[in-house]
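# Analysis of the macromolecular model
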Amino acid sequence: DRVIAVEEELTHEELHRCISICNKMGVPLNHTAGLLAVVAKRIEMTEIGGALLVEVQGLEFTKFQHLVKRCFDFLAASILLLLLSTLFIVLALLIPLSSFGPVFFVAPRVGRGGRYFPCFKFRSMEFDAESRRKHLGKWNERGGHLFKISSDPRVTHLGRWIRRFSIDELPQLINVLRGEMSLVGPRPLPARDLDGDGLSRGYRFWAKERSKVRPGITGLWQVSGRSELQFDRMVRLDVAYVRTWSVWLDLQILFRTIPAVWAGRGAC
């Protein structure tokens, strides 16, 4: 066996790249404890030359895991759509009355494998919101692939209320039924903010990792602060979710979503 050692501590990005390369090659990666605690939970202790190290185990999604997640998503989304049908009807009446335009806002998002899909949301902005975005770029409060303005002038009065409690996201249950999204997963990003292949030239490793799973209505980003978080934090949360996914993790996130949405923390 050969051991390659580095003298300096690796950065998050460097460590993530090393893990990805080693997983593809089937080579164990050993690292001192500490940074790995936030990178992966599938780890084992090993000893090399008298030094106690942490060995990262690669995560590969099996067909059975994908099937279990898909069945749960389909069943839960079907039940939720039935329970929320009255709310959908009420909003379908109120949204056109609050401002001119359609009930739903439909825009291309990037999903599993870099595929594009039409993402459904209740319209919370004025009808010409997309054409006005380019004039608001200098007011953006987030970096990377996030665009957020605390008091966005394009948002309607009704839109501010449904955004506060993430009600505008509920039509994405339709995307879950169609198999384009999951109840839990990384945030679905607008196709216009990524490269043509659905990845990101500036954050390619992160984009490849998140493309392994379907984007979710909720996820680690949403229950950890939503719009209060900076882009680099969202990157780490996305990678952590993909590397540590389990049914139990999804259930934990779903249970944490309820109080997070009720409090309205980080809504924008």
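Everything numeric in this text was worked out from a predicted model, so none of it was measured. (Residues numbered from 1 in each chain as written. Predicted model: local features only at pLDDT ≥ 70, side-chain atom pairs only at ≥ 80, totals over all residues. Heavy atoms only, no water.)

### Considerations on the overall build of the chain
- Along the chain, the regular secondary structure elements total ten helices and seven strands.
- The buried share of the chain, taken over its 268 residues, is 47%.
- Contacts in the chain between residues at least 24 apart in sequence constitute 69% of all its contacts with a sequence separation of at least 6.
- Summed over its atoms, the accessible surface of the chain is roughly 14900 Å², and 61% of this surface lies on carbon and sulfur atoms. (Helix = DSSP H or I, 4+ residues; strand = E, 2+ residues; numbered from the N terminus. Buried < 20%, exposed > 50% of the residue type's maximum accessible area, 1.4 Å probe, protein only. Contact = heavy atoms within 4.5 Å. Areas by Shrake-Rupley, 256 points an atom, 1.4 Å probe, with all protein chains shown as cover.)

### Observations concerning the nonpolar core
- Among the nonpolar cores identified, the biggest contains 29 residues, and Phe122, Leu183, Tyr241 and Ile253 are the most heavily contacted of them.
- Other than its neighbours up to four places away in sequence, Leu183 contacts Phe72, Asp73, Ala76, Leu173, Val176, Gly216, Ile217, Thr218 and Leu254.
- If you look at the next biggest cluster of nonpolar residues, it comprises twelve residues, including Phe205, Trp206, Trp221 and Val235. (Core = buried A, V, L, I, M, F, W, Y, C linked by side-chain atoms within 4.5 Å.)

### Description of the pairing of strand S4 (residues 104–110)
- In this structure, S4 lies alongside strand S5 (residues 116–122), joined through seven bridges in antiparallel fashion. If you follow Val106 over to S5, its bridge partner there is Phe120.
- Hairpin connection, S4 to S5: the antiparallel pair is bridged by five residues, and Gly113 has positive phi, about 75 degrees. (Pairing = 2+ DSSP bridges.)

### Examining the pattern of salt bridges
- Per the stated rule, a full pass over the model turns up five salt bridges.
- Salt-bridge contacts for Lys121 lead to Asp168; the nearest nitrogen and oxygen are separated by 3.6 Å. Highlighted residues: Lys121 in strand S5 and Asp168 in the loop between helix H5 (157–164) and helix H6 (172–177), separated in sequence by 47 residues.
- Residues participating in the shared-partner salt-bridge network are Lys121, Asp168 and Glu169. (Salt bridge = Lys/Arg side-chain N within 4 Å of Asp/Glu carboxyl O.)

### Observations regarding the environment of Met125
- Here Met125 shows up in the loop between S5 and helix H4 (129–132).
- For Met125, a relative accessible area of 12% puts it in the buried group.

### Quick word on unusual backbone geometry
- Located in the positive-phi region is Ser166, a residue other than glycine, with phi close to 55 degrees.
- Within the secondary structure, Ser166 sits in the loop between H5 and H6.

### Structural notes on the packing of aromatic side chains
- Summed over the entire model, instances satisfying the criterion amount to four aromatic pairs.
- Consider the rings of Phe88 and Phe122, whose centres lie 5.1 Å apart with planes at 65 degrees: the pair is edge-to-face. Residue Phe88 is located in helix H3 (residues 85–98), and its partner Phe122 is located in strand S5; the two are separated by 34 residues in the primary sequence. With respect to class, Phe88 is no different from Phe122; both count as buried.
- Ring centres of Phe104 and Phe122 lie 5.5 Å apart, and the angle between their planes is 15 degrees; on these two criteria the pair is classed as stacked. (Phe/Tyr/Trp six-rings, centres within 6.5 Å; stacked < 30°, edge-to-face > 60°.)

### Here's the deal with helix H9 (residues 231–244)
- The terminal C-alpha atoms of H9 lie 20 Å apart, and with 14 residues this matches the ideal 20 Å at 1.5 Å per residue to within 8%.
- Counting buried positions along H9 yields eleven of 14 residues, so the element is predominantly enclosed.
- Residues Phe231, Met234, Val235, Leu237, Asp238, Val239, Ala240, Tyr241, Val242, Arg243 and Thr244 constitute the buried set of H9. (Expected span 1.5 Å × (residues − 1).)

### What to know about a nonpolar patch on the surface
- Side chains of Leu75, Ile79, Leu80 and Leu83 sit close together on the surface and give an oily, nonpolar patch of about 390 Å² of accessible area.
- For Leu83, the location among the structural elements is in helix H2 (residues 63–83). (Patch = residues over 30% accessible without salt bridge, like charges linked within 9 Å, V, L, I, M, F, W, Y side chains within 5 Å.)

### Quick word on the confidence of the model for the chain
- For the chain, per-residue confidence averages 77 on the pLDDT scale, and residues scoring 70 or more make up 64% of the total.
- Looking at the elements of the chain, mean pLDDT is at its lowest for strand S2 (residues 43–48), recorded as 52, and at its highest for H6, recorded as 97.
- Counting contacts from residues 35–41, a segment whose pLDDT is below 50, to residues more than four positions away or on other chains yields 20 contacts. (pLDDT = per-residue confidence, 0-100.)

### Section: H2
- Over its 21 residues, H2 extends 30 Å from the first C-alpha to the last, a length consistent with the 30 Å expected when each residue adds 1.5 Å.
- Restricting attention to buried positions, one finds in H2 the residues His66, Lys69, Arg70, Asp73, Ala76, Ala77 and Leu81. Buried residues along H2 cover an arc of 150 degrees about the axis, so they all sit on one side. For H2, the exposed residues set more than 90 degrees away from the buried face come down to Phe64, Leu75, Leu82 and Leu83.
- On its buried side, H2 packs onto H3, H6, strand S6 (182–184), H9 and helix H10 (247–263). (Arc of directions from axis to C-beta.)

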